[in-house]
Amino acid sequence: MLTIHLLGEFSVTNEGQPVTTFNADRPQALLAYLLLHRRAPQARRHVAFVLWPDSSEKQAQSNLRNLLHTLRSGLPEPERFLASDNLTLQWRADAPCLLDVAQFEDALRVASTATEDAAGQALIAAVEAYGGDLLPGNYDDWIAPLREALRSHYQDALRRLIQLLEAAGDYRTALRYGGRLLTHDPLDENSYVQVMRLHAFSGDRAGVRRVYEQCVASLARELAVEPSETTRTAYAQLLRIEPSVAPMTALPKAPPAPTVPS
């Protein structure tokens, strides 16, 4: 059984033991490409072009053959993981492998159709599976849109999870995930409002002020702007409400459950 992490720090382990064959950039890129496109065979010619866009077709194909040899040498019983012929490559659907991206996406699919209680558990599983940006050290053009899509799904999952926890009155847990939300995107004003609201309903006005000051400082430092009027108005409202008051509909709400292509 392989365990593969592409989110955050790249790692591959076989039965708990680190596999170091893929420590270089190109082996990681090929492995990641096949894993992230695992649902269909990939044309060798296309994979070669994606990984070596500035090389001639002949050189790119040669590079791919060499890299595929490296990939196979690092896999235990490689035929259990890779299907290939003269034209295509594919990571086998039944490969004995745990992939963090797959766990993340599977949990989001469950959350998108589950009842409220089950959705909350699925969202927790999703955000816990997200260990960071997709291969943050890889700067290939093909990976950027996938990285951004996963970031967006993670943010949406956090927002919805916090909303469900807030509705259940579990402000303490919601604030823990709220901290992740602010770390994930420290320039998103809606996130600050959502976390300020949690402090307000917890009766923690000092927390409301602290989060607002963090918002002001982040926007000034990174964008040289002040919080919007909407954020300032929400802040003033939240400082005045009582802890037992339900969330005000005028304040920004979390988005609906994120959806992931099947």
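The rules behind each value
Residues numbered from 1 in each chain as written. Predicted model: local features only at pLDDT ≥ 70, side-chain atom pairs only at ≥ 80, totals over all residues. Heavy atoms only, no water. Phe/Tyr/Trp six-rings, centres within 6.5 Å; stacked < 30°, edge-to-face > 60°. Helix = DSSP H or I, 4+ residues; strand = E, 2+ residues; numbered from the N terminus. Buried < 20%, exposed > 50% of the residue type's maximum accessible area, 1.4 Å probe, protein only. Pairing = 2+ DSSP bridges. Contact = heavy atoms within 4.5 Å. Axes fitted to C-alpha atoms, helices over the stretch in contact; angles between N-to-C directions. Parallel < 35°, antiparallel > 145°, perpendicular 65-115°, else oblique. Left-handed = near helix turned anticlockwise from the far one by under 90°. Expected span 1.5 Å × (residues − 1). Salt bridge = Lys/Arg side-chain N within 4 Å of Asp/Glu carboxyl O.

Chemist: For the packing of aromatic side chains, give the residues involved together with the corresponding values.
Modeler: One pass over the structure, following the stated rule, counts 6 aromatic pairs. Their ring planes at 80 degrees and their centres at 5.0 Å tell us that Y33 and W142 sit as a pair that is edge-to-face. Within this pair, whereas Y33 is found in helix α1 (residues 25–36), its partner W142 is found in the loop between α5 (116–129) and α6 (143–167), the two being separated by 109 residues in sequence. For the pair shown, Y33 and W142 are each scored as buried.

Chemist: Account for the sheet that holds strand β2 (residues 11–14), naming residues and giving values.
Modeler: Here we have 4 strands laid out as an open sheet, ordered β3-β2-β1-β7, and mixed in their pairing. Each of the sheet's edge strands pairs with one partner strand only, and the pair in question is β3 (17–18) and β7 (97–99). Across 4 bridges, the pairing between strand β1 (residues 2–5) and β2 is antiparallel. Across the sheet, the residue bridging to T3 is T13, located in β2. Here helix α4 (residues 100–113) sits on the sheet in contact with β1 and β7, set at roughly 65 degrees to β7.

Chemist: Explain the packing of helix α8 (residues 189–201) against helix α9 (residues 205–223) to me, using residue names and the numbers behind them.
Modeler: For the pair α8 and α9, the least separation of the axes is 8 Å and the interaxial angle reads 165 degrees. Our classification of the angle between α8 and α9 gives roughly antiparallel. The crossing of α8 and α9 is right-handed. Note on element contacts: α9 touches α8 through G207, V208, R210, V211, Y212, Q214, C215, S218 and L219, opposite E189, Y192, V195, M196, H199 and A200.

Chemist: Go over helix α7 (residues 171–184) with me, naming the residues and quoting the values.
Modeler: If you check α7, its first and last C-alpha atoms are 19 Å apart, about what 14 residues at 1.5 Å a residue would give, namely 20 Å. Turning to α7, its buried residues number three or more, namely Y171, T173, A174, Y177, G178, L181, L182 and H184. In the core, the buried residues of α7 are packed alongside α5, α6, α8 and α9.

Chemist: Mind laying out the pattern of salt bridges, listing which residues take part and the relevant values?
Modeler: For the structure shown, the criterion picks out 13 salt bridges. With its nearest N and O atoms 3.0 Å apart, the salt bridge here joins R109 to D106. Of this pair, R109 and D106 both sit in helix α4, 3 residues apart, which is roughly one turn of the helix. Linking E148 and R151 is a salt bridge whose minimum nitrogen-to-oxygen distance equals 4.0 Å.

Chemist: Pulling in residues and values, what's your account of the environment of N23?
Modeler: Assignment of secondary structure puts N23 in the loop between β3 and α1. Along the sequence, N23 and F10 sit 13 residues apart, while their C-alpha atoms lie 8.4 Å from each other.

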